[in-house]
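A look at the structure
Okay, here's what each chain looks like letter by letter:
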Amino acid sequence: MPAVKYFNSERVIIMLGNFSYCNPTKLYFGDDSLEFLKDELGKYGKNVLLVYGGGSIKKNGIYDEVTEILRSAGKSVEEISGVMPNPTINKLNEGVAVARKHGADLILAVGGGSVCDYSKALSVSVNYNGDPWQKYYIDFEEPDCEIIPVGCILTMVGTGSEMNAGAVITNPEQKLKIGHVFADERIMPRFSILNPKYTLTLPHYQMAAGIYDIFNHICEQYFSGEDDNTSDYIAEALMKSVIHSSRIANKNPQDYEARSNIMWTATWALNTLISRGKTTDWMVHMLGQSAGALTDATHGMTLAAVSLPYYRHILPYGLAKFSRFAQNVWGVCPNGKTEKEIALDGLAEMESWMKELGLVMSLSELGATEEMLPDIVNGTLILDGGYKVLTTEEVAEILKESL
Ligand code: NZQ
Ligand code: ZN
């Protein structure tokens, strides 16, 4: 939060509030990055729990490469496979039993955000005897048990999970999808291996969803506050980089340079750096996540579907920032236009970029129906860091417009 001070009773927001910053995740980036896995494995005990998703790593050969390194390092390996996109609490409970039986010393996540998130949730649940859903996702408590270290080998880009302490879990019975960003930095991966080549087998749909996830993470931290904050300048640069590289990757998904830049931007978009010293919004994620709990849709696409109705709704309350976004990120020429016209032109530019990438622009395309709306409204947490604290009626209105 930015610091608010009073001079002669005038309220002044001071650039950069007070904060601490620590990110302990060690990154290995590049097409040779898997070579460093053996060094990392040497730091942990014998029992490794290998966690992965529905099988993409078996098709593209990453599974064979990783298991060979584990075998050469003499590790005793147990596997948890089938971690689904939007991992569920039932799958988490299943993993707890496997991890306990194996006495895991290290959880090695090989996959996208779902696998990394799941592994972090597992790391704080294995040695906890109660119900992790209640403790971490309803009561938002921090762990008070031993945490098992997590390492990640990333295969899908977007969430930033490789360098943060977030872990999103879905409870389909309760129709809730909830993210807990843990305060305890021991929950951040101890190391993450980022090889852009691993992302080249992603289907275009997932690549585009990931790109929008990155962009929206930056927006969520940018559209808040009125102070002059270094984080916002970094955010603008990251947004320009991801727009630029996404256009190249959209035309040629095999472009290694563009995919590398997208991978690196994703990490910086959500490794807590650009949220330092400022307020943040996160309402697009709250709306998208709630829709995701009901539809099980791809995360980045749920964000794309709700973004423009939400941003057009809050634009009058954060006009100066939306106008700055239009000019600094999208190059909108301000001449002869009102501030509102400039701001709206920025969102129009953003909309045409989103369509160019082939993003899903409505919730109905993701399977949401009018009948689901009350549950989606009900599952939307209302946060107060953005330009407008929404009422429940406004949440319903925005979701209806997003259908
Ligand atoms: O399961 P497999 O077979 O591996 O297939 C996956 C999955 O179907 C596939 N995939 C991954 N790498 C691939 C590949 N297919 C071919 N080649 C590859 N190299 O892609 C699909 C999606 O994977 P997933 O991990 O679900 O995607 P993503 O990285 O977008 O993660 C989404 C989850 O992360 C949460 C989301 O809510 C969602 O649950 N988030 C986590 C955040 C965090 N930790 O800070 C923040 C985000 O805002 C987000 O909420
Ligand atoms: Zn996201």
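Conventions we followed
Residues numbered from 1 in each chain as written. Chains lettered and ligands numbered in written order. Predicted model: local features only at pLDDT ≥ 70, side-chain atom pairs only at ≥ 80, totals over all residues. Heavy atoms only, no water. Helix = DSSP H or I, 4+ residues; strand = E, 2+ residues; numbered from the N terminus. Rg over C-alpha atoms; globule rule 2.2 N^0.38 Å. Buried < 20%, exposed > 50% of the residue type's maximum accessible area, 1.4 Å probe, protein only. Near = heavy atom within 4 Å. Polar contact = N/O pair within 3.5 Å; in protein donor to acceptor, adjacent residues only side chain to side chain. Nonpolar A, V, L, I, M, F, W, Y, C, P; charged D, E, K, R; others polar. Phe/Tyr/Trp six-rings, centres within 6.5 Å; stacked < 30°, edge-to-face > 60°. Lys NZ or Arg CZ within 6 Å of the ring centre and 35° of its normal. Core = buried A, V, L, I, M, F, W, Y, C linked by side-chain atoms within 4.5 Å. Contact = heavy atoms within 4.5 Å. Donors = N, O, S within 2.8 Å, 3.2 Å for Na, K, Ca; no water. Pairing = 2+ DSSP bridges. Axes fitted to C-alpha atoms, helices over the stretch in contact; angles between N-to-C directions.

Attention shifts here to the overall build of the protein chain. A count of helices and strands for the protein chain gives 15 helices and ten strands. Taking 2.2 N^0.38 as the reference for a compact globule, 403 residues should give roughly 22 Å; the C-alpha atoms of the protein chain span a radius of gyration of 21 Å, in line with that estimate. Based on the C-alpha atoms only, the size of the protein chain along its principal axes is roughly 70 × 50 × 45 Å. Buried residues in the protein chain amount to 57% of all 403 residues.

With that settled, the discussion passes to the site of ligand 1. Neighbouring residues of ligand 1: 31 residues in total, closest Gly 54, Ser 56, Gly 113, Ser 114 and Asp 117. Asn 86 places a side-chain nitrogen or oxygen 3.5 Å from an oxygen atom of ligand 1. Ser 161 has a polar side-chain atom sitting 3.4 Å from a nitrogen atom of ligand 1. Secondary structure elements with two or more residues in the shell around ligand 1: helix H5 (113–123), strand S8 (166–171), helix H7 (204–222) and helix H10 (283–295). The residue makeup of the shell around ligand 1, split by class, is eight nonpolar, 20 polar and three charged.

Counted according to the given criterion, the structure contains 22 aromatic pairs. Between Phe 223 and Phe 322, the ring centres sit 4.1 Å apart and the planes meet at 10°, which makes this aromatic pair stacked. Placement of the pair is Phe 223 in the loop between H7 and helix H8 (230–251) and Phe 322 in helix H12 (residues 319–330), with a sequence separation of 99 residues. Given the relative accessible area of 0%, Phe 322 is considered buried. In textbook terms, an aromatic cluster arises when at least three aromatic residues are bridged by ring pairs, as seen for Tyr 212, Phe 215, Tyr 222, Phe 223, Tyr 310, Tyr 311, Phe 322, Phe 325, Trp 330 and Trp 353. Lying across the ring of Tyr 222, Lys 321 places its NZ or CZ 4.7 Å from the centre. For Arg 324, the ring lying beneath its charged end belongs to Tyr 233, and the centroid distance is 4.7 Å.

So, about the nonpolar core. Soluble, globular proteins show a tendency: their nonpolar side chains are buried together. Counting 104 residues, the largest nonpolar core has Phe 215, Tyr 311, Phe 325 and Met 350 as the members making the most contacts within it. When residues in this core are grouped by element, the largest group, ten residues, is from H7. If we skip the residues at most four places from it in the chain, Tyr 311 touches Asn 216, Cys 219, Glu 220, Phe 223, Val 284, Phe 322, Leu 347 and Met 350. Among the nonpolar cores identified, the runner-up in size contains 20 residues, and Tyr 44, Val 48, Leu 50 and Tyr 198 belong to it.

Once that is clear, we can look at the coordination of the zinc ion (ligand 2). Donor atoms from the polypeptide that coordinate the zinc ion (ligand 2) comprise Asp 213 (OD), His 217 (NE2), His 285 (NE2) and His 299 (NE2), at 2.0 to 2.1 Å from the metal. Of note, the donors binding the zinc ion (ligand 2) are all from one chain and are spaced D-x3-H-x67-H-x13-H. Separated by 86 residues along the polypeptide, Asp 213 in helix H7 and His 299 in helix H11 (residues 299–314) bring together distant segments of the chain. We note that Asp 213, like His 299, is buried.

Here we come to the sheet that holds strand S6 (residues 106–111). What the six strands build is an open sheet, ordered S3-S10-S7-S6-S4-S5; its pairing is parallel. Whereas interior strands pair on both sides, the edge strands pair on one side only; in this sheet they are strand S3 (26–29) and strand S5 (76–80). Strand-to-strand twist across the sheet, computed as the mean angle between neighbouring axes with direction ignored, equals 20°. Direction of pairing for strand S4 (residues 47–52) relative to S6: parallel, over a ladder of five bridges. Of the residues in S6, the one forming a bridge with Val 51 is Ala 109. Helix H4 (residues 89–102) contacts S4 and S5 of the sheet and is inclined by roughly 165° relative to S5. Against the sheet, helix H9 (residues 256–269) contacts S3, strand S7 (150–154) and strand S10 (191–194), and its axis sits at roughly 170° relative to S3.

That is the geometry; function is a separate question.
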